[in-house]
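Residues per chain are reported as follows:
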Amino acid sequence: MMRLMMQKSTLDARCSTSGAEGLSAAASGRPRSKVNGQGLLLLLSLLLAPMLSFAAPGLDAVTVTTNPNGGQTYSLTLQILILMTAVTLLPAIVLMMTSFTRIVIVLAILRQALGAGQSPPNQVIVGLSLFLTLFVMGPVIDRVNTEAVQPYMAGTIDANVAMERGVVPLKKFMLDQTRESDIATFVRISGGQGFDKPEDVPMRILVPAFATSELKTAFQIGFLIFIPFVIIDLVVASVLMSMGMMMLSPVLISLPFKLMLFVLVDGWALVMGTLATSFYT
């Protein structure tokens, strides 16, 4: 019994020592992992230039003011506050200003054409769309990093110049994928008189026009993908009807044939390659 009590007291002493070390590490402010998110926040600020144009340059997070009566006052700068609020718009930026919309719609139509229910599941489709979006947007991101992010991090340009340079590659990508008729529609709705060159189109008009064009293109690609599977369904339904099998579901019989056809022609590679090349042809 005495030996058990001594072991228990030793364990308690070790636990208290480790807890004290953890508290001292937390008090000293030593981070356990270092995550560099400054580049992502700066890229987001480049996309939201109108909102941050009035803010002072620099990314100082907290300002410490010494109180004459003793103590200190901590305050958050306005720029960081706006930037943290703007992070909530990041999903909308990915949806409406990149290639994500076209890719995810085409993959959803493909799953419906196969008739395989929830296979592949939504998580797989969204994840695949995100990584294919990063692949398609790679040249745009590299150009933004080279022309805006790196010079700003080096201190050679200020925040306003970095924002102006960073929006240019993204705007060019969106203009290349947007139909002139869609831009003209939103210009007419806004009461504008047109622009001398495409680069003069503001983002408030370009973003909805780009989203409209992406929806139209996605449904066009989805229509072309749907046709072979519809033909297989028609053939299977006609064969079953001619054999008098009225009670047998044609979808149940056609699904293996559609899957076999899709695998034999290497359908996933064809669809992914077509989606990727559709942004640069």
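Fair warning: this is a prediction, and the values are worked out from it, not measured in the lab.

Trainee: Where do I start with helix H13 (residues 267-277) in this structure?
Mentor: An α-helix turns once per 3.6 residues; consequently, residues spaced three or four apart project the same way. Here H13 has its buried residues at Gly267, Val271, Met272, Leu275 and Ala276. Buried residues of H13, viewed axially, fall in a sector of 160°; they line one side. Buried-residue contacts for H13 involve helix H6 (100-114), helix H7 (122-136), helix H11 (203-242) and helix H12 (250-264).

Trainee: I keep staring at the pattern of salt bridges and nothing clicks. Help me out?
Mentor: Between side chains of opposite charge, a pair can form when the charged atoms approach closely. Across all of its chains, the model carries 4 salt bridges by this definition. Arg143 is the partner of Glu147 in a salt bridge, and the nearest nitrogen-oxygen pair spans 3.0 Å. Residue Glu147 and its partner Arg143 are both found in helix H8 (residues 138-154); the two are separated by 4 residues, about one turn of the helix. The partly exposed category is assigned to Glu147, whose relative accessible area is 30%. One salt bridge connects Lys172 with Asp176, and the closest N-O pair in it is separated by 3.2 Å. Placement of the pair is Lys172 and Asp176 together in helix H9 (residues 159-177), with a separation of 4 residues, close to one helical turn.

Trainee: For this particular structure, what's the right way to read the nonpolar core?
Mentor: One recurring pattern in soluble globular proteins: nonpolar side chains tend to sit buried together. Counting residues in hydrophobic clusters, the biggest one holds 39 residues, and the most contacted among them are Phe173, Met174, Val271 and Leu275. Elements supplying a minimum of two residues to this core: helix H5 (90-97), H6, H7, H9, helix H10 (180-190), H11 and H13. At 10 residues, H6 tops the list of elements feeding residues into this core. With sequence-adjacent residues up to four places away left out, Met174 is seen in contact with Met96, Met97, Met203, Leu206, Val207 and Phe210.

Trainee: How should I be thinking about the environment of Ile253 in this particular structure?
Mentor: Here Ile253 is to be found in helix H12. Accessibility expressed as a relative area gives 28% for Ile253, which makes it partly exposed. On a C-alpha basis, the gap between Ile253 and Leu240 in space is 9.2 Å, while along the polypeptide they are 13 residues apart.

Trainee: Would you mind showing me how to read the packing of aromatic side chains here?
Mentor: Given two aromatic rings, their pairing is described by the distance between the two centres and the angle made by the two planes. Inspection of the entire model under this criterion finds 4 aromatic pairs. Considering the side-chain rings of Phe173 and Phe210, the 6.3 Å spacing of their centres and the 55° angle between planes classify their relative orientation as tilted. Of this pair, Phe173 sits in helix H9 while Phe210 sits in helix H11, and the two are 37 residues apart along the sequence. Exposure class is identical for Phe173 and Phe210. Each is buried. Ring centres of Phe173 and Phe279 lie 6.1 Å apart, and the angle between their planes is 20°; on these two criteria the pair is classed as stacked. With Phe173 in helix H9 and Phe279 in the segment after H13, this residue pair connects regions lying 106 residues apart in the sequence. Here Phe173 and Phe279 have matching classes, each one buried. In textbook terms, an aromatic cluster arises when at least three aromatic residues are bridged by ring pairs, as seen for Phe173, Phe210 and Phe279.

Trainee: How should unusual backbone geometry be read in this particular structure?
Mentor: Working note: non-glycine residues mostly have negative phi, and peptide bonds are mostly trans. Cis geometry marks the peptide bond from Ser119 to Pro120, where omega comes out at 0°. Phi at Asp266 is positive, roughly 55°, even though this residue is not glycine. Locating Asp266 in the fold gives a position in the loop between H12 and H13.

Trainee: So what exactly am I meant to see when it comes to the side chain of Glu214 here?
Mentor: Looking at the secondary structure, you find Glu214 in helix H11. Note on Glu214: relative accessible area 1%, which makes it buried. When sequence neighbours within four positions are dropped, the list of residues in contact with Glu214 reads Thr98, Ser99, Arg102, Gln177 and Phe279.

Trainee: What is the right way to look at the packing of H6 against H13 in this model?
Mentor: At a closest axis distance of 11 Å, the pairing of H6 and H13 adopts a crossing angle of 155°. Considered as vectors, H6 and H13 are oriented roughly antiparallel to each other. Here H6 runs over H13; the crossing is right-handed. Taking contact as the criterion, the partners of Arg102, Ile103, Val106, Leu107 and Leu110 in H6 are, on H13, Trp268, Val271, Met272 and Leu275. Residues belonging to the contact of H6 with H13 are distributed by class as follows: 8 nonpolar, no polar and 1 charged.

Trainee: In this structure, what is going on with the environment of Val187? I would like to understand it.
Mentor: Considering the arrangement of structural elements, one finds Val187 in helix H10. Considering only alpha carbons, one finds Val187 and Leu206, 19 residues apart in sequence, at a separation of 9.3 Å. Setting aside its immediate chain neighbours within four residues, Val187 contacts Gly192, Gln193, Gly194, Phe195 and Ile205.

Trainee: Quick question: what am I supposed to make of the confidence of the model for the chain here?
Mentor: Close reading of the predicted structure is inappropriate where its pLDDT is low. Scored by pLDDT, the chain comes out at a mean of 75, with 71% of its residues at no less than 70. Taken as a whole, residues 1-44 scores under 50 in pLDDT and shows 13 contacts with residues more than four places along the chain or in a different chain. Scored below 50 in pLDDT, residues 46-59 makes 33 contacts in the model with residues more than four places away or belonging to other chains.

Cut-offs applied
- Residue indices follow the written sequence of each chain, beginning from 1 at its first position.
- Local features in this predicted model are restricted to residues of pLDDT 70 or higher, and side-chain atom pairs are both shown and tallied only at a pLDDT of 80 or more, whereas totals for entire chains, interfaces and linings draw on every residue.
- As a convention, hydrogens and water are excluded, and side-chain values are obtained from all of the structure's heavy atoms.
- Burial here depends on accessible area, computed with a 1.4 Å probe over protein chains only, as a share of the maximum for the residue type. Under 20% is buried, over 50% is exposed, and the range in between is partly exposed.
- Numbering of helices and strands starts at the N terminus; helices are DSSP runs of H or I of at least 4 residues and strands are runs of E of at least 2.
- As used here, the arc is the angular range of directions from the helix axis to the C-beta atoms.
- Pairs of residues are marked as contacts when any of their non-hydrogen atoms sit within 4.5 Å.
- A side-chain nitrogen of Lys or Arg and a carboxyl oxygen of Asp or Glu constitute a salt bridge if their distance falls within 4 Å.
- Take the buried residues of types Ala, Val, Leu, Ile, Met, Phe, Trp, Tyr and Cys, join any two whose side-chain atoms come within 4.5 Å, and each joined set is a nonpolar core.
- Side-chain rings of Phe, Tyr and Trp (the six-membered ring for Trp) are treated as a pair once their centres are within 6.5 Å; stacked means planes under 30 degrees apart, edge-to-face means over 60, and tilted covers the remaining angles.
- Here the axes come from fitting lines to C-alpha atoms, over the contacting stretch only for helices, and the angles between their N-to-C directions go from 0 to 180 degrees.
- Any angle that falls under 35 degrees is termed roughly parallel, while one over 145 is termed roughly antiparallel, one within 65 to 115 roughly perpendicular, and all others oblique.
- In a left-handed crossing the near helix is turned counterclockwise from the far helix by less than a right angle, and in a right-handed crossing that turn is clockwise.
- The residue classification treats Ala, Val, Leu, Ile, Met, Phe, Trp, Tyr, Cys and Pro as nonpolar and Asp, Glu, Lys and Arg as charged. All others, Gly included, are polar.
- Confidence per residue, as judged by the predictor, is encoded in pLDDT with a range of 0 to 100.

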